[in-house]
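# Notes for the structure review
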Amino acid sequence: MGSILRQCIGAWGLRASTIAVLAGSTAGLASLPPMAIGATAVESSLRPAARPATTAMGDAPLPRPESARVTAAATGDAGFDRWIAEFKRKARRQGISVQVLEAAFAGMRYDREVIRLDRNQSEFTKTIWDYLDSAVSASRVSNGRAAYLANEAVLQQIERRYGVPASIVVAVWGMETSFGSYRGSNDVIRSLATLAYDGRRGAFFEAQLLAALEILDDGDVSPRAMRGSWAGAMGHTQFMPDSYLRYAVDFTGDGRRNIWGEDPTDALASTANYLAKKGWVTGQPWGVEVWLPDGFDFALSGRKTTKTPRQWARLGVVGIDGREVPNHGRGSILLPAGAQGVALMVFKNFEVIERYNPADAYVIGVGHLADRIVGRPAFAANWPRGDRALASSERRELQERLTRAGFDTKGVDGMIGPNTVSAIRAYQKRTGLVPDGYASLDLLTRLR
């Protein structure tokens, strides 16, 4: 892999002096100034604010304000202080040492900025093509290739041990923190304590806070060096504390699982270990772009329908080279922009990346960035760039109008899930539209 990358350096436009610096050390990559990584500026992380809870730790969450609108701003700092005191008693019952608790909560204060960020996430989402324009931009691809070369030796070791392609690991790194450049500067204990006390997702963040204290108790990092995003995601590849406890590894052998430092080795290996434990199939791609035949039955698209590449080929679904897709196992046809955009045949490894972040756009971003890092081409099909994403209020309106028209979406929540897709397809069939199940502005306009 590395030799192939090196043969293409001239074509990628990376300066020889830059490659010499990057290839010489894995420890200094994240501290390099943005323009040192390739010839273009480093871009910001594409990681969402927080992942949903996976498990609970310890006993029931502590009492907290009943309404999400009641925060320390209303109850006063004394309310937060009382909550911290009770939480520390609970943490002691969970086995956290007094020394760790005193160090972790020294000078603790409620962080109103964290709550502002949590409350004010935009209801608007990007279209898949706008998202990929950033996720797989020319600069991110260039920086990803440089990051790969800078860490080539250790990445090859990680790939051999865990069976996860180095390009996938580097792509996750790029998506999460732009190859270590945006790891987050928030005090993780303060952020998690604030979010746990605040109450909107209190149980989840209280579990994460207990996990973070267990990490401190293990001695892998000191309290004030435990830095991350405002929502508590940590290190080069943004592990939440509970995921760290389960999947972080000491790949360097120095006795600590250090995902925070300048050397990304432990973080990259931890990411590979995470994906391996979630079921990564060695040798299988995440997905491949395909062409659909005229008259394709769009009811066959979606994750529920799986067929072998040969079975898909019999229906006219082939790779962009016009040939049957190699036999990577059973796959589904995914249409992230409906009938007018790129069509993908996705395999089990799509689902594995989804365990890192459940958004289809994120998984496609990781997979396509990994492909581009190793020299594969951009998508061949065009996106419907005249369209725009629906706001959450518009998605709810779409569901309401579909249901009133007799196409039940089984609820109005602003989430375009399988029930809404089925309702859209039924409406499209009834009205003579292409039944791709895609929630577009044009569809909403027709329903109005």
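The rules behind these values
Residues numbered from 1 in each chain as written. Predicted model: local features only at pLDDT ≥ 70, side-chain atom pairs only at ≥ 80, totals over all residues. Heavy atoms only, no water. Helix = DSSP H or I, 4+ residues; strand = E, 2+ residues; numbered from the N terminus. Buried < 20%, exposed > 50% of the residue type's maximum accessible area, 1.4 Å probe, protein only. Contact = heavy atoms within 4.5 Å. Pairing = 2+ DSSP bridges. Salt bridge = Lys/Arg side-chain N within 4 Å of Asp/Glu carboxyl O. Core = buried A, V, L, I, M, F, W, Y, C linked by side-chain atoms within 4.5 Å. Phe/Tyr/Trp six-rings, centres within 6.5 Å; stacked < 30°, edge-to-face > 60°. Lys NZ or Arg CZ within 6 Å of the ring centre and 35° of its normal. pLDDT = per-residue confidence, 0-100. Axes fitted to C-alpha atoms, helices over the stretch in contact; angles between N-to-C directions. Left-handed = near helix turned anticlockwise from the far one by under 90°. Nonpolar A, V, L, I, M, F, W, Y, C, P; charged D, E, K, R; others polar.

## A look at the overall build of the chain
A count of helices and strands for the chain gives 21 helices and seven strands. Sorting the 448 residues of the chain into buried and exposed places 53% on the buried side. Restricting the contact set of the chain to residue pairs at least 6 apart, pairs at least 24 apart contribute 71%.

## Brief notes about the environment of N151
Structurally, N151 is set in the loop between α9 (138–150) and α10 (152–162). Of the residues examined, N151 reaches a relative accessible area of 0% and is grouped as buried. Taking the C-alpha atoms as reference points, N151 and P264, separated by 113 residues in sequence, lie 8.7 Å from one another.

## Concerning the sheet that holds strand β7 (residues 343–346)
Think of a sheet as strands paired side by side through backbone hydrogen bonds, with each pair either parallel or antiparallel. An order of β4-β6-β7-β3-β5 is seen for the five strands of this open sheet, with the pairing classed as antiparallel. Pairing within the sheet leaves two strands with one partner each, and these edge strands are β4 (302–307) and β5 (318–319).

## Remarks on the pattern of salt bridges
Tallying each qualifying case throughout the model produces 24 salt bridges. Among the ionic pairs, D371 bridges to R376, the shortest N-O distance being 3.0 Å. What makes R376 partly exposed here is its relative accessible area of 46%. Between R446 and D442 there is a salt bridge, with its nearest N and O atoms 3.3 Å apart. Of the two residues, R446 and D442 both sit in helix α21 (residues 441–447), four residues apart, roughly one turn of that helix. What makes R446 partly exposed here is its relative accessible area of 47%. A single network of salt bridges, built from pairs that share partners, joins D118, R119, D198, R200 and R201.

## A few points about the nonpolar core
If you look at the biggest cluster of nonpolar residues, it comprises 95 residues, and the most contacted ones within it are F105, L132, I189, L213, M226 and I364. When sequence neighbours within four positions are dropped, the list of residues in contact with M226 reads N186, D187, V188, I189, A212, I215, L216, V221, M234 and W260.

## Looking at the packing of aromatic side chains
For the structure shown, the criterion picks out 20 aromatic pairs. Between Y244 and W260, the ring centres sit 5.4 Å apart and the planes meet at 40 degrees, which makes this aromatic pair tilted. Of the two residues, Y244 sits in helix α14 (residues 241–247) while W260 sits in the loop between α14 and α15 (265–277), which places them 16 residues apart along the sequence. An aromatic cluster is defined as three or more aromatic residues linked by ring pairs; in this entry it consists of F80, W83, F87, F105, Y110 and Y197. Above the plane of the ring of W312 lies K307, whose end atom (NZ or CZ) is 5.9 Å from the centre.

## Details of the confidence of the model for the chain
Looking at the chain, pLDDT values average 85 and 82% of them are 70 or higher. Note on residues 6–42: pLDDT is under 50 here. Beyond four places in sequence and across chains, it has 73 contacts. This model gives residues 47–61 a pLDDT under 50, and the stretch forms 41 contacts once residues within four places in sequence are excluded.

## Focus on the packing of helix α7 (residues 112–119) against helix α12 (residues 188–198)
Taken N-terminus to C-terminus, the directions of α7 and α12 make an angle of 60 degrees; their axes are 9 Å apart at the nearest point. Relative to α12, the crossing made by α7 is right-handed. Residue-level inspection shows V114, I115, D118 and R119 of α7 in contact with α12, the latter providing S191, T194, L195 and D198. Looking at the contact of α7 with α12 residue by residue, the classes come out as three nonpolar, two polar and three charged.

## Considering unusual backbone geometry
Its identity is not glycine, yet F179 carries a phi of approximately 60 degrees, on the positive side. Locating F179 in the fold gives a position in the loop between α11 (166–177) and β1 (186–187). One non-glycine residue with positive phi stands out, namely Q238, at about 55 degrees. Position of Q238 among the secondary structure elements: in the loop between β2 (227–228) and α14. Relative accessible area serves as the criterion here: at 4%, Q238 is assigned to the buried category.

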